[in-house]
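# Summary of the model geometry
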Amino acid sequence: KQFVREYPADFYLQDALDGASIMKALGYTKYSVMGWSDGANAAMHLAANKEVKDAVKKLVIFGGNSYVSEEDVEAYEAVRDVSKSWSERMRKEKSAAHGGLETLQILNDRYTDAMRSILYDLNGDVCLKELHNITCPTLILHGALDMICHDYHAQYIAKHITNSKLKVLEKGKHNLHMKYADEFRTLVRDFLTNNSESSYQEDDEPQPDIDQIAYGFMGSKSLFAALRAGIFDAIDSVDGSATFDEIESECDISGERLKTLLSACVALKLIRRRIDKGGNDLFHLPTASSKQLVRKSRQYWG
């Protein structure tokens, strides 16, 4: 019986860990990673995951997205039925690659369902919380004419990966590595062979787990700082999800300090964040936070 892969909501992470396991089994302890489209999303997880990230020397990604929006899911739903919504050329090509039209339809249904799960069960988070954990030198390529993965995805990823560089190919589309193969090869080769971008070498001494030591203390500090600043009340006062500007107008803090505190609360799952089509952050409270962290609640913690 033919195997047809599953697409659980965390399949990008599973793909990343599978890739790392394969490299380990092959005897590689250090390597660079390149990913396109869904492969870019898995590559970001590989470069961010604390269990395997130290093996990644450099990262090259293109056509990826760190979040899924409602508009994205609508687009996936529009092409769910491969017999009706796909071109004949694409249908024949992909059917041959995946074992026939019936198998292709099953795969596309599972993939589309996974995108819905990411949006509605994970608040659209493909790898949002992981981006700041990517520390290796990173090259982000984007085709300005890419209609599958729009430019705001590349801009958002570049903004949140500290050691990154974004290069836009003005005439490139989603398949920029095929259409502009020579330029693509040159950009990637130059990036991977430029040793000046390599990070410092860790010493061989055992390293303390700073995250584990600091997390409990910092989590408590973030919670009570957000309570004092009125962040939870500000979000609760808005009908639906609140923008950063709406929260800022109701809080005792602003600017970078507010952004930092919001990011901490999102990481602690005290606040939920999703991204709209324009790449803007939208915040709302999970049920537990609404019940215990809003002043008007009878169970208020403050």
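Computed from a predicted model, the values in this text were never measured in an experiment. All residue numbers here refer to positions counted from 1 along the written sequence of the relevant chain. Where local features are concerned, this predicted model is filtered to residues with pLDDT of at least 70; where side-chain atom pairs are given and counted, the filter is 80 or more; whole-chain, interface and lining totals use all residues. Calculation of side-chain values draws on the structure's entire complement of heavy atoms; hydrogens and water are dropped beforehand.

### Some thoughts on the overall build of the chain
Summing up its helical and strand segments, the chain has 14 helices and seven strands in all. C-alpha atoms of the chain, sized along the principal axes, occupy 60 × 55 × 45 Å. Burial analysis of the chain (302 residues in total) assigns 40% to the buried set. Throughout, a residue-residue contact means that at least one pair of heavy atoms, one from each residue, lies within 4.5 Å. Sequence-distant contacts in the chain: of pairs separated by 6 or more residues, those separated by 24 or more amount to 69%. A total accessible area of about 17600 Å² is found for the chain, and carbon and sulfur atoms account for 51% of it. His is not counted here, nor are the chain ends, while Lys and Arg score as positive and Asp and Glu score as negative. By convention, the charge on Lys lies at NZ, on Arg at CZ, on Asp at CG and on Glu at CD. Here the chain holds 38 positive side-chain charges and 45 negative ones, and the gap between their average locations is 2 Å. Only DSSP runs of H or I with at least four residues qualify as helices, and only runs of E with at least two residues qualify as strands; both kinds are numbered from the N terminus onward. Burial here depends on accessible area, computed with a 1.4 Å probe over protein chains only, as a share of the maximum for the residue type. Under 20% is buried, over 50% is exposed, and the range in between is partly exposed. Surface accessibility in these figures is a Shrake-Rupley result with a 1.4 Å probe; residues are shielded only by whichever protein chains are displayed.

### Concerning helix 2 (residues 38-48)
Counting buried residues along helix 2, nine of its eleven residues qualify, which places the element largely inside the surrounding structure. Restricting attention to buried positions, one finds in helix 2 the residues Ala40, Asn41, Ala42, Ala43, Met44, His45, Leu46, Ala47 and Ala48. At its buried positions, helix 2 is contacted by helix 1 (11-25), strand 1 (31-36), strand 2 (56-62) and helix 7 (151-160).

### As for the pairing of strand 6 (residues 272-275)
What you see with strand 6 is a clean split: Arg273 and Ile275 sit on the buried side and Arg272 and Arg274 on the side with no burial. DSSP-based pairing: two strands are paired if at least 2 bridges between them are found. Sheet topology places strand 6 next to strand 7 (residues 281-284); four bridges connect them, and they run antiparallel. Residue Arg274 lies in a different strand from strand 7, and its bridge partner there is Leu282. Between strand 6 and strand 7, which pair antiparallel and follow one another directly, the connecting turn spans five residues, one of which, Gly279, has a positive phi of 85°.

### A short note on the environment of Asp190
On the secondary structure map, Asp190 appears in helix 9 (residues 181-193). Between the C-alpha atom of Asp190 and that of Asp252, which follows or precedes it by 62 residues, the distance is 47 Å.

### Quick word on the nonpolar core
Here, nonpolar core means buried Ala, Val, Leu, Ile, Met, Phe, Trp, Tyr and Cys residues that are tied together by side-chain atoms lying within 4.5 Å of each other. Counting residues in hydrophobic clusters, the biggest one holds 42 residues, and the most contacted among them are Leu59, Met115 and Ile134. Going through the elements one at a time, helix 1, strand 1, helix 2, strand 2, helix 6 (101-121) and helix 7 are the ones with two or more residues in this core. The residues touching Leu59, leaving out its near neighbours within four places in the chain, are Val33, Ala43, Met44, Ala47, Ile134, Cys136, Pro137, Thr138, Leu139 and Phe191.

### Regarding the sheet that holds strand 4 (residues 164-169)
Spatially, four strands are ordered 1-2-3-4 in an open sheet, and the strand pairing comes out parallel. The two strands at the open ends of the sheet, each matched to only one other strand, are strand 1 and strand 4. On average, adjacent strands in this sheet sit at an angle of 15° to one another, irrespective of strand direction. Bridge analysis of strand 3 (residues 138-143) against strand 4 gives six bridges, and the strand direction is parallel. The axes used here are C-alpha line fits, helices contributing only the stretch in contact, and every angle between their N-to-C directions lies in the interval 0 to 180 degrees.

### Considerations on the packing of aromatic side chains
Any two of the Phe, Tyr and Trp rings considered here, Trp counted by its six-membered ring, make a pair once their centres fall within 6.5 Å; the pair's planes then place it as stacked at under 30 degrees, edge-to-face at over 60, or tilted in between. By the definition in use, this model includes eight aromatic pairs. Consider the rings of Tyr7 and Tyr111, whose centres lie 5.5 Å apart with planes at 85°: the pair is edge-to-face. Of this pair, Tyr7 sits in the segment before helix 1 while Tyr111 sits in helix 6; the two residues are 104 residues apart in sequence, bridging distant segments of the chain. Both residues of the pair, Tyr7 and Tyr111, count as buried. An angle of 65° between the planes, with centres 6.1 Å apart, marks the rings of Phe11 and Tyr111 as edge-to-face. Note that Phe11 is positioned in helix 1 and Tyr111 in helix 6, a separation of 100 residues in sequence.

### Here's the deal with a nonpolar patch on the surface
Taken together, the side chains of Ile22, Leu26 and Tyr28 present a nonpolar region at the surface, about 330 Å² in accessible area. For Ile22, the position within the fold is in helix 1. Patch construction takes residues with relative accessible area above 30% that form no salt bridge. Like charges are linked within 9 Å, and nonpolar side chains (Val, Leu, Ile, Met, Phe, Trp, Tyr) are linked within 5 Å. Note on definitions: salt bridges are taken to be side-chain nitrogens of Lys or Arg within 4 Å of carboxyl oxygens of Asp or Glu.

### Points about the pattern of salt bridges
Taken as a whole, this structure holds 14 salt bridges when the rule is applied. A salt bridge links Arg80 to Glu77, with the nearest nitrogen and oxygen atoms 2.9 Å apart. A salt bridge links Asp113 to Arg80; the nearest nitrogen and oxygen atoms lie 2.8 Å apart. A residue pair is termed long-range when its members are at least 10 positions apart, and Asp113 in helix 6 and Arg80 in the loop between helix 3 (70-78) and helix 4 (82-85) qualify at 33 residues. Connected via shared salt-bridge partners are Glu77, Arg80, Asp109, Asp113 and Arg116.

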